Each structure stands twice: as structure tokens, then as C-alpha cells.
Amino acid sequence: MNEIIKAAGITKVYGTRNQVRALDDVNLTIEAGEYISIRGPSGSGKSTLLNIIGCLDRPTSGELILDGVDVEKQGDGELSRIRRDNIGFIFQSFNLLPILNAVENVELPMENLKMTPKERRDRAMKLLGTVGLKDRWNHKPKEMSGGEKPRVAIARALANDPSVVLADEPTGNLDSRTGKSIMKLLGELNHNTGTTVIVVTHDISIAKATQRQLYVEDGRIKEKTRNLSGKKEIGSKLKLSPEICNKLVKAGYGDLGRVLGIDPAKLSRVKGLKRREITQVLEAIKNYK
Ligand SMILES: Nc1ncnc2c1ncn2[C@@H]1O[C@H](COP(=O)(O)OP(=O)(O)O)[C@@H](O)[C@H]1O
Ligand SMILES: [Mg+2]
């Protein structure tokens with residue numbers, strides 16, 4: 001698997017006199033092609049995390065590797081290039097330009113690319129087709145329904161064929177049925193193109209539509225590991241990846257106590273656990289103790 005995002009010890013402090021620690025030592029690895037939700041209370045740091053992953057903002061400290069590039073070592077110009085080439089952003093209020101129609105909004109991110117106006121138009125129309133809005137191409141945002149605007153925002157986020165799509169509460173202002181249809185669209189996008197999709201939401205039913213669910217509280221990330229049938233201790237406490245946890249659970253090591261007391265020789269008998277993963281488990285146990 002290919003790590004598309006690796007955040008190590010990311011901390012973000014806002015303000016100088018009245019400091020707010022919006023993110024506190026966030027460690028997170030995301031593989032290319034994952035479909036992830038980030039949930040958490042208002043003010044917990046979700047948007048800050050998304051903005052840092054999307055290179056819209058820089059952390060106060062910590063390291064962010066995006067598709068192999070150490071983001072913190074890049075200057076501002078390079079950072080916007082990385083953002084333009086790798087990231088598609090969907091904002092909560094969608095940020096569509098009111099004076100432009102749907103197809104013109106989708107074309108905007110392509111302005112700086114070496115494309116002819118016709119190539120741009122063709123690609124934008126194709127993307128509008130993908131989100132089911134081909135026949136609405138000449139409608140302005142104020143002429144669109146609540147469910148159509150996020151679709152235009154999704155099409156625009158895909159304009160530059162990004163490797164990562166980040167969506168900050170895209171369903172926050174939608175009724176639940178429309179919200180579900182937007183999540184379905186993002187899920188299809190992830191499934192059909194292998195694009196990594198990260199969705200921030202405060203809605204658990206929306207989060208459940210994703211494969212991997214993260215939870216942020218007070219600027220810290222907590223992972224709800226997948227398919228652990230209620231046995232979440234090992235994943236969150238030892239900070240092991242869901243893949244490793246699933247293998248441990250299947251082998252009967254479903255709770256923290258059993259993993260902590262594990263005989264290293266037995267780890268090598270856990271089905272499917274690679275040598276590298278065994279080392280990670282042993283390391284995690286050592287760090288936890
Ligand atoms: N530009 C900023 N300046 C100062 N404080 C900020 C700024 N942006 C966010 N914060 C603070 O950081 C914390 C996390 O905010 P945010 O990431 O927006 O949370 P969420 O998206 O989970 O609601 C909050 O306490 C918020 O008030
Ligand atoms: Mg937010």
C-alpha cells in the first residue's frame with residue numbers, strides 16, 4: 001500500500017496571548033484510496049486538521065508528508081502548486097462564485113493549466129455529467145437546489161484530477177436524504193477512481209457511510225477501528241492501524257490485555273501479519289508500557 005498522507009506530531013496553536021491549541025500532537029497515516037470520515041464536536045479541530053492536510057494552512061509544529069513530499073519544507077509558491085495538483089477541496093458553504101454558472105465554476109481551477117478553452121469546457125461538462133448535472137450546466141448557484149450546489153462543488157474539486165478530495169461538512173446544511181445522496185456520490189468517486197476521500201462531518205449516520213472513521217476531540221485524534229465488533233481497545237490505545245488490528249482480532253487477540261501479554265513468538269503465527277507489522281506491534285507495546 002502507498003501512504004498518501006502521513007502526519008506526525010502535528011500541533012496547531014492559534015493566537016499569541018490567548019492561545020488556542022486547535023491540534024495537539026496528531027499522528028495519522030492514510031493510505032491512497034481510503035474513504036475516511038472525521039467526526040467530532042464543534043471546535044474540536046476538524047477543520048484545522050483538514051486545512052493542514054490540504055495545505056491551506058501550516059501546522060505550528062510537526063511533519064506532514066503528502067504523497068512523498070515533506071510539505072513543511074516547501075515555500076508558499078510550492079505549497080500552492082502542491083495544493084493545486086493534489087488536492088480537491090469541498091467547503092461547507094461550497095464557495096461557488098455567484099456570477100458564474102455551473103460549468104464556469106467547474107472550469108475555474110483549470111485556468112492555470114495548459115488547456116485550451118475547449119478542452120476546459122469539455123472536461124468541465126464531463127465532470128458535471130459525473131455528478132448528474134449535465135443539463136444544469138448553465139445555471140447559476142442561485143438557480144440551483146440545495147442538492148445541486150454540493151454536486152457542482154464536487155465536480156469543481158475534481159477538475160484537476162486530485163489524488164485527495166477533502167470535504168468539510170459537505171452535508172452540514174442539507175436535509176438527511178440529500179446528505180446521503182452526496183455521500184453516495186463521494187463513495188462512488190472513491191470506489192470508481194481510487195481517489196482518497198476524507199469527509200468531515202458531525203453526523204454519525206454520515207460517518208458510517210465511510211470505511212474508516214476517525215474522531216477528533218480537543219485537538220486529538222481517536223480512531224474507531226473498523227470491524228472490531230466492539231473491541232476497540234487495541235487500536236486506539238496502541239495506535240495500531242486497522243489492518244493490523246483486524247488481523248489480531250481474527251487471531252483471538254481482541255483486547256488490550258491479551259495483546260500486551262503476547263509472546264513475540266506467537267505474533268509470528270498470527271495469520272497474515274507481515275514481519276514489518278510484527279515489528280510495529282512490538283514497538284507499539286513497548287511504547288505503551
Ligand atoms: N483562525 C483562527 N484563529 C484563532 N482560533 C481559531 C482559528 N481557527 C480555529 N480556531 C480555534 O481552533 C479550535 C478548532 O477549530 P476548528 O478546527 O474550526 O474546529 P471544528 O472544525 O472541529 O469545529 C477552536 O477552538 C477554534 O475557535
Ligand atoms: Mg469546522
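Residues numbered from 1 in each chain as written. Chains lettered and ligands numbered in written order. Predicted model: local features only at pLDDT ≥ 70, side-chain atom pairs only at ≥ 80, totals over all residues.

A few points about the nonpolar core
Phase 1: One finds Val106, Leu128 and Leu166 to be the most contacted residues of the largest nonpolar core, which totals 55 residues.
Phase 2: The dominant element in this core, judged by the number of residues it contributes, is helix α5 (residues 148-157), at five residues.
Phase 3: If sequence neighbours within four positions are ignored, Leu166 has contacts with Leu50, Ile53, Gly54, Ile87, Phe89 and Ile198. (Core = buried A, V, L, I, M, F, W, Y, C linked by C-beta atoms within 7 Å. Buried ≥ 20, exposed ≤ 12 C-beta atoms within 10 Å, placed from the backbone. Helix = DSSP H or I, 4+ residues; strand = E, 2+ residues; numbered from the N terminus. Contact = placed C-beta atoms within 7 Å.)

Brief notes about unusual backbone geometry
Phase 1: A positive phi angle, close to 60°, is found at Asp25, a residue other than glycine.
Phase 2: Considering the arrangement of structural elements, one finds Asp25 in strand β2 (residues 20-31).
Phase 3: In this structure, Lys239 takes a positive phi of about 55° despite not being glycine.
Phase 4: Here Lys239 shows up in the loop between α8 (233-238) and α9 (242-250).

A look at the confidence of the model for the protein
Phase 1: In this model, the protein carries a mean pLDDT of 90, and residues with pLDDT of at least 70 account for 96%.
Phase 2: In this model, residues 226-231 is a region of pLDDT below 50 whose contacts with residues beyond four sequence positions or in other chains number 10 contacts. (pLDDT = per-residue confidence, 0-100.)

Quick notes on the sheet that holds strand β1 (residues 3-14)
To summarise the sheet geometry, strands pair through backbone hydrogen bonds and adopt either a parallel or an antiparallel arrangement.
Phase 1: Strand order across the open sheet formed by four strands is β2-β1-β4-β5, with antiparallel pairing between neighbours. Here the strands that pair on one side only, and so sit at the sheet edges, are β2 and β5 (69-70).
Phase 2: Here five bridges tie β1 to strand β4 (residues 61-66), and the two strands are oriented antiparallel to one another. By the bridge assignment, Thr11 is partnered in β4 with Ser61. (Pairing = 2+ DSSP bridges.)

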